[in-house]
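# Structure assessment
This is what each chain is made of:
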Amino acid sequence: MVGILLWSLVIGSIILAIIGLWKRSWKALAWSGIALLPPMALIFWGGEGIWFRMSILLPVLLFVAAYWMKQQQMPSL
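Structural notes, computed from the coordinates. Everything numeric in this text was worked out from a predicted model, so none of it was measured. Along each chain, residue indices are assigned from 1 in the same order as the chain's sequence is written. Local features in a predicted model are, by the rule used here, given only for residues with pLDDT of at least 70; side-chain atom pairs are given and counted only at 80 or more, and totals for whole chains, interfaces and linings are based on all residues. Hydrogens and waters are ignored; side-chain quantities use all the structure's heavy atoms.

## Regarding the overall build of the protein chain
Secondary structure elements follow DSSP: runs of H or I of four or more residues count as helices, runs of E of two or more count as strands, with numbering from the N terminus. Across its full length, the protein chain carries four helices and zero strands. The helix and strand sequence of the protein chain, counted from the amino end, reads α-α-α-α. Every one of the 77 residues in the protein chain was classed for burial, and the buried ones make up 26%. A contact between two residues is defined here by any heavy atoms of the two lying within 4.5 Å. A fraction of 54% describes how many contacts in the protein chain between residues 6 or more apart in sequence connect residues 24 or more apart. Here the Shrake-Rupley method, with its probe set to 1.4 Å, supplies the accessible areas, and only the displayed protein chains count as covering residues. Counting only carbon and sulfur atoms, one obtains 77% of the accessible surface of the protein chain, whose full area is about 5,800 Å². We call a residue buried when its accessible area falls under 20% of the maximum for its residue type, exposed when it is over 50%, and partly exposed in between, using a 1.4 Å probe and counting protein chains only.

The following block contains the structure:
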């Protein structure tokens, strides 16, 4: 049951990331990062190697991309 939930979050995150990049929507990218955070956090906490520790970078990159895209859309003063 938990596996189905985690895989659903991963698949939903991928779909939201594609939509966010395609339509240039920072909200979709932010929600994609939020959806990907629990599965990647479990891998991060449970892993011993460096590659498991680097799994947390993907949601962080989505948050950074959402922030950057939001800053690009805001009019400058």
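## Side note on the packing of aromatic side chains
Between 30 and 60 degrees the pair is tilted, below 30 it is stacked and above 60 it is edge-to-face, where a pair is any two Phe, Tyr or Trp rings, Trp via its six-membered ring, whose centres lie within 6.5 Å. Scanning all chains against the criterion turns up zero aromatic pairs. In this analysis the charged atom, NZ for Lys or CZ for Arg, is taken to sit over a ring once it is within 6 Å of the ring centre and within 35 degrees of the ring normal. Lying over the aromatic face of Phe-44, Arg-53 brings its terminal NZ or CZ to 5.0 Å of the ring centre. Its guanidinium or amino end placed over the ring of Trp-26, Lys-70 lies 4.6 Å from that ring's centre, counting from NZ or CZ.

## Some remarks on the environment of Ser-8
Relative to the helices and strands, Ser-8 resides in helix H1 (residues 2–23). By relative accessible area, which is 44% here, Ser-8 ends up partly exposed. Each C-alpha atom, one on Ser-8 and one on Gly-46, is 20 Å from the other, the two residues being 38 residues apart in sequence.

These figures capture arrangement, not role.
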